[in-house]
Structures are given as C-alpha cells and as structure tokens.
Amino acid sequence: MSNSKSTSSNNNNSCDVRVHAYKNGKTFEECKDEARQNTEFLSKEILEKGEVSWPRILEAANYDELVYKLTLKYLRQKGYDIGFDKLPRVKA
C-alpha cells in the first residue's frame, strides 16, 4: 500500500507547483503566450465590431482565469479601454 503511494508521488503527471501550477498543467510562460495570441485576434475583433465583452474574452481564454486576466492586461497595454465592473467590455 505504501509502495503505490510513493509511485503516485513520483508520477510525471503530478502537479509540481514550480512548473505546473496553472490550469491544464500549463506553465506561466505558456499562459502568457496564450494570452498574447488571444490579444492579437481579439484586437482584430474589436476593430471590426467596435468592442468585445468580458464574457467573450473569458470564452477566448477557454475559461482559464489567468489567461483571461493576462489577456485583459495586454489589451490595456495596447491602449484599449478595458472597462470596469459596471461596464464589462473592451473597446478601442
């Protein structure tokens, strides 16, 4: 019984907080890369439609809170108005 316990703790799928602390085992760098990609295609969507909602950004982030927050951060850095809790949308 204790043998199976040590086997599971040495399993490569275990959560190493230094490397896999985020949703779906992604590293922080992978989350940042995904957020940057989201920022690029959402920027195009904002320019076409005039704005996108926060729920749309959350959907684009695949409901990953860290990627969602990083995407909002990068959109703000690009100069977009990211709104606030009473006006949850991003526009140019």
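Let me begin by describing the structure that accompanies this report.

Calculation notes
- Residues numbered from 1 in each chain as written.
- Predicted model: local features only at pLDDT ≥ 70, side-chain atom pairs only at ≥ 80, totals over all residues.
- Heavy atoms only, no water.
- Helix = DSSP H or I, 4+ residues; strand = E, 2+ residues; numbered from the N terminus.
- Buried < 20%, exposed > 50% of the residue type's maximum accessible area, 1.4 Å probe, protein only.
- Areas by Shrake-Rupley, 256 points an atom, 1.4 Å probe, with all protein chains shown as cover.
- Expected span 1.5 Å × (residues − 1).
- Contact = heavy atoms within 4.5 Å.
- Polar contact = N/O pair within 3.5 Å; in protein donor to acceptor, adjacent residues only side chain to side chain.
- Salt bridge = Lys/Arg side-chain N within 4 Å of Asp/Glu carboxyl O.

1. Quick word on the overall build of the protein
Phase 1 of the analysis: For the protein, the helix and strand inventory stands at four helices and two strands.
Phase 2 of the analysis: When its helices and strands are written in sequence order, the protein yields α-α-β-α-α-β.
Phase 3 of the analysis: Residues counted as buried form 29% of the 92 residues belonging to the protein.
Phase 4 of the analysis: For the protein, the exposed area adds up to about 6500 Å²; of that, 50% sits on carbon and sulfur atoms.

2. A short note on helix 4 (residues 65–77)
Phase 1 of the analysis: An ideal rise of 1.5 Å per residue puts 18 Å on 13 residues; helix 4 measures up with 18 Å between its terminal C-alpha atoms.
Phase 2 of the analysis: Residues of helix 4 that are buried include every one of Val 67, Tyr 68, Leu 70, Thr 71, Leu 72, Tyr 74 and Leu 75, and no others.
Phase 3 of the analysis: Those residues of helix 4 hidden inside the fold are in contact with helix 2 (28–49), helix 3 (54–60) and strand 2 (89–91).
Phase 4 of the analysis: Once helix 4 finishes, Gly 79 follows within two positions and takes phi at roughly 100°, a positive value.

3. Some details on the side chain of Arg 89
Phase 1 of the analysis: Looking at the secondary structure, you find Arg 89 in strand 2.
Phase 2 of the analysis: Note on Arg 89: relative accessible area 9%, which makes it buried.
Phase 3 of the analysis: Within the structure, Arg 89 has its side chain in polar contact with the side chain of Asp 81 (distance 3.1 Å).
Phase 4 of the analysis: Setting aside chain neighbours within four positions, we find Arg 89 in contact with Glu 51, Val 52, Ser 53, Trp 54, Asp 81, Ile 82 and Gly 83.

4. As for the pattern of salt bridges
Phase 1 of the analysis: The full count for this structure, using the stated rule, is ten salt bridges.
Phase 2 of the analysis: For Arg 56, the salt bridge identified is with Glu 45, shortest N-O distance 3.0 Å. Note that Arg 56 is positioned in helix 3 and Glu 45 in helix 2, a separation of eleven residues in sequence.
Phase 3 of the analysis: Using a relative accessible area of 23% as the deciding quantity, one classes Arg 56 as partly exposed.
Phase 4 of the analysis: What makes Glu 45 buried here is its relative accessible area of 13%.
Phase 5 of the analysis: Members of the salt-bridge network, linked through shared partners, are Glu 45, Lys 49, Arg 56 and Glu 59.

5. Some details on helix 2
An α-helix turns once per 3.6 residues; consequently, residues spaced three or four apart project the same way.
Phase 1 of the analysis: Here helix 2 spans 30 Å end to end across 22 residues, near enough to the 32 Å set by a 1.5 Å rise per residue.
Phase 2 of the analysis: When we look at burial in helix 2, the residues that qualify are Cys 31, Lys 32, Ala 35, Asn 38, Thr 39, Leu 42, Ser 43, Glu 45 and Ile 46.
Phase 3 of the analysis: Among the structural elements, strand 1 (51–53), helix 3, helix 4 and strand 2 are those in contact with the buried residues of helix 2.
Phase 4 of the analysis: Of the residues trailing helix 2, Gly 50 is marked for its positive phi of about 95°.

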